Amino acid sequence: EELRKRIIKVLAKKADPGRRRAVPVESLKKIGVLFIFIIVWLSGYLGFFHKPAAGYLFERYYIPYFLHGTVRGPDLQEQSLKLFYRAYQQGLYEEASLLVYDGLDELPMHKPHVLLAYGCTLMSIGDYATALDILKLPAVANNSFTSDQSHWYRALCLLQLDQPEACVRLLSPLAENPDADQHVEARKLLRRLPHLNKKTK
């Protein structure tokens, strides 16, 4: 009788399809929850802890200065500037860099916007050291209309030249001044720079 009851129990377990499926479904649920947890953790790690390299940050924040307007005038320098404006506005930075260089000696007195655009031209072709020299000129750096832009682009040059500490010094005044054109961008970039300081030490 006891043996018969045991056989009935075994046969009942084998005959119950719901009970057989319950174990794999529960296991799949646990695996699914674990998989979702891993995905959420990885996305959080990549979003909050992974810090991008300087080159990535530069590409993310660098937008060449918008040079508006046109140049009128019959003399040779004005003609050269007209061609520079056209090349710069079309994104032909190699060509633009050659056009403005000849008249550079006469520009600082009355063309800060052109000098700023020339600095961006050099940045766009990868000549960050020369761009930094142009953007430091008093006509650009001390002009009330272009000084904030000069600080911003110089900071980006320093970022590309692997000088994050100097970059932070230039960004800080922009981040603290809500009237600066790049106030928001400077604050965001400053939050991402400390890890670069650690890497360089």
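Every value quoted in this text rests on a predicted model; they were computed, and no experiment measured them. Residue positions within a chain follow its written sequence, with the count starting from 1. At least 70 in pLDDT is required for a residue's local features to be given in this predicted model, at least 80 for side-chain atom pairs to be given and counted, and no such filter applies to totals for whole chains, interfaces and linings, which use all residues. With hydrogens and water excluded, all non-hydrogen atoms of the structure serve as input to the side-chain values.

## Remarks on the packing of aromatic side chains
Two aromatic rings are characterised by how far apart their centres lie and by the angle between their planes.
Now for step 1: Geometry of aromatic contacts follows a simple scheme: Phe, Tyr and Trp rings, the Trp one being its six-membered ring, pair when their centres are within 6.5 Å, and the pair is stacked under 30 degrees between planes, edge-to-face over 60, tilted otherwise. In the structure shown here, the tally under the stated rule is six aromatic pairs.
Now for step 2: Taken together, a centroid distance of 5.7 Å and an interplanar angle of 75 degrees make the contact between Y88 and Y93 edge-to-face.
Now for step 3: What makes Y88 buried here is its relative accessible area of 4%.
Now for step 4: Aromatic ring contacts, followed pair by pair, group F58, Y62, Y128 and Y153 into a single cluster.
Now for step 5: By definition, being over a ring means that NZ of Lys or CZ of Arg is both within 6 Å of the ring centre and within 35 degrees of the ring normal. The ring of Y61 has R60 lying over it, and the distance from NZ or CZ to the ring centre is 5.4 Å. Burial classes: relative accessible area under 20% of the type maximum marks a residue as buried, over 50% as exposed, and values in between as partly exposed (1.4 Å probe, protein chains only).

## Things to note about the side chain of Q149
Now for step 1: Along the chain, Q149 turns up in helix α9 (residues 147-160).
Now for step 2: With a relative accessible area of 10%, Q149 lands in the buried category.
Now for step 3: Residue contacts are defined here by distance: any two heavy atoms, one from each residue, within 4.5 Å place the two residues in contact. What Q149 contacts, discounting residues up to four positions off in sequence, is Y65, L116, D181 and Q182. Helix and strand labels come from DSSP, where a helix needs a run of H or I of at least four residues and a strand needs a run of E of at least two; each type is numbered from the N terminus.

## Quick notes on the layout of surface pockets
Now for step 1: Estimates place the volume of the largest pocket at around 180 Å³.
Now for step 2: Points on a 1 Å grid, built from protein atoms alone, make a cavity when a 1.4 Å probe fits but cannot get out and make a pocket when they are open with protein on both sides within 12 Å along at least 5 of 7 lines; residues with an atom within 4 Å of a point are the lining residues. Lining of the largest pocket is provided by R60, Y61, I63, P64, Y65, F66, Q149, W152, Y153, Q182 and E185.
Now for step 3: Contributing elements (two or more residues each) for the lining of the largest pocket: α3 (54-61) and α9.
Now for step 4: Residue composition of the lining of the largest pocket, grouped by class: seven nonpolar, two polar and two charged. Grid points are joined across faces, edges and corners, and a volume is the space filled by probe spheres set on the points. Ten residues, namely Ala, Val, Leu, Ile, Met, Phe, Trp, Tyr, Cys and Pro, are considered nonpolar, four, namely Asp, Glu, Lys and Arg, are considered charged, and the remaining ones, Gly among them, are considered polar.

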